[in-house]
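Residues per chain, in single letters:
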Amino acid sequence: MSDNVLIIGAGQAGAQTAIFLRQNHFTGSITVIGDEAYVPYERPPLSKGFLAGDVEIERMSMRPPSFYADKGIDLRLKTAVLHIDRVQKTIGLANGEVLSYGKLVLATGGRVRRMISPGTELPGVHYLRNVDDVLGFRDRLTAGARVVIVGGGYIGLEVAAVAVKRGCKVTVLEMMPLVLNRVVAPEMSRFYEKVHRDAGVDVRTSETVSGFEGKGRLARVRCSDGTAIDADLAVIGIGIVPNVELAVEAGLPVDNGIVVDECARTNDPDIYAAGDCTNHPSRVSGERLRLESVPNALGQGKAAALAIVGAPVPYDEVPWFWSDQYDLKLQMAGISKPGDQVVIRGVVDARKFSACYLRDGVFVACQAVNMAKDFLQSKKLISHRVRPDPSLLADANTPLQAFLPDAAGG
Ligand SMILES: Cc1cc2nc3c(=O)[nH]c(=O)nc-3n(C[C@H](O)[C@H](O)[C@H](O)COP(=O)(O)OP(=O)(O)OC[C@H]3O[C@@H](n4cnc5c(N)ncnc54)[C@H](O)[C@@H]3O)c2cc1C
């Protein structure tokens, strides 16, 4: 077992790797290096409770600051890593320091995808990835403020829900014909669109933004069809790109994420990677995936730690994710794709239903709105590649676990 682990990135994957290393009796030195100013924290509240002002930053911390010192984890914040030297087994920091590693973990996450449009640099135009981003605009979500959200994905819609609840006049601009277009069935997209419209959000689909205008500050958002929407604030949420530059420069395989195996190992025996920045093989999905979710960051962090202590256990969890908007808890398991057969269980208008996805007859994904049981049970169906009868599946009175083979269900 190597006695010196360096972890690049003090996000959820990086911190969790360090925590799991100690939980698994790793006694060597652990250094976690992150370029943000905050002890590792959970990002989901950024577009939910923290944005709304209901959750304090301390409550988002994965562990209190004292935890790291108590566990002998050297946490270096506000420190960027610029370079990896795989021959010398060192990394170079922005402050000029060079640190040696026995094992190295890349947990560099992702950064927001930037729009290439005129006016994005205007004050009033924002992105959302970290605490400082939220602090940069949260106070401007006041009653009557005109807020334009570019991108009708989860983060955009969560921001819309918070903003409209605060009395803002909110417009969501989505270039695709449906919100949440890439990730959910049209039935689910239309449901969320209606929920937002009913709450007072102006949802405009098939609308492309051409630029941001204003003299010295954002005044309006211009669309490709010439429409102008007056705006005090714009929040752009059009996805992220993985931070893979260090890996690329170091010559590690990268293909939409740092390529790792099921134990978070790269092709360098001393380098591991975990979280949003990775591309890993998923047994359940039967393909390689780059996921952007907390469970994935934690699961891969655990896999990396176990591999480092010499007790590798493959990361083999059914992918899952959640989104909170208004009083709706959307919980998703598995990965749906366009073309999957969709079976709706429950009553959409009652805001309690789930969309189940079958691919070639196999249950591959479930998205449950206020249906926690379906969500939980669906993971087993996905894992066991169950082939339910679609007409029976549509009956919400039949629990999903009834479709499991006896041995698995018991
Ligand atoms: C607003 C928002 C809401 C979300 N909501 C949900 C949700 O509801 N459910 C869910 O499952 N997931 C959600 N996610 C996604 C989830 O937060 C991420 O998947 C998770 O944080 C990934 O963790 P990570 O450690 O891989 O990456 P990150 O959290 O991105 O952490 C990586 C860290 O490494 C740092 N770093 C990068 N390069 C360097 C370098 N060279 N030197 C030093 N430091 C570096 C970065 O600045 C960052 O601090 C949300 C994300 C956001 C932004």
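In this report, the structure presented in the accompanying data block is examined. Model, not experiment: these values are computed from the prediction.

Rules used in this analysis
- Residues numbered from 1 in each chain as written.
- Predicted model: local features only at pLDDT ≥ 70, side-chain atom pairs only at ≥ 80, totals over all residues.
- Pairing = 2+ DSSP bridges.
- Helix = DSSP H or I, 4+ residues; strand = E, 2+ residues; numbered from the N terminus.
- Axes fitted to C-alpha atoms, helices over the stretch in contact; angles between N-to-C directions.
- Core = buried A, V, L, I, M, F, W, Y, C linked by C-beta atoms within 7 Å.
- Buried ≥ 20, exposed ≤ 12 C-beta atoms within 10 Å, placed from the backbone.
- Contact = placed C-beta atoms within 7 Å.
- Near = placed C-beta within 6 Å.
- Nonpolar A, V, L, I, M, F, W, Y, C, P; charged D, E, K, R; others polar.
- Domains from an automatic or database assignment.

### Focus on the sheet that holds strand β14 (residues 220–223)
One open sheet holds the three strands; their spatial order is β13-β14-β15, and the pairing between them is antiparallel. Looking along the sheet, the strands with just one partner apiece sit at the ends: β13 (209–213) and β15 (228–230). Here the strands of the sheet are splayed against their neighbours by 20° on average, with no regard to which way each runs. Here β14 runs beside β15; their pairing, made up of three bridges, is antiparallel. Looking at the pairing, R220 lines up with D230 of β15.

### Some remarks on the nonpolar core
With 70 residues, the main nonpolar core has I149, A160 and A234 as its most contacted residues. The element that contributes the greatest number of residues to this core is helix α6 (residues 154–165), accounting for nine residues. Setting aside residues no more than four positions away along its own chain, I149 makes contact with G156, V159, A160, V170, V172, L173, V235 and G237.

### Thoughts on the site of the ligand
In the vicinity of the ligand, 36 residues are found, and the nearest of them are G9, G11, R43, G109 and G275. Counting residues per element, the ones that place at least two in the shell around the ligand are α1 (12–23), α9 (294–308) and β22 (320–325). Its residues assigned to classes, the shell around the ligand comprises 17 nonpolar, 13 polar and six charged. Mapping the shell around the ligand onto the domain boundaries places at least three of its residues in each of domain 1 (4–111 + 240–308) and domain 2 (114–236).

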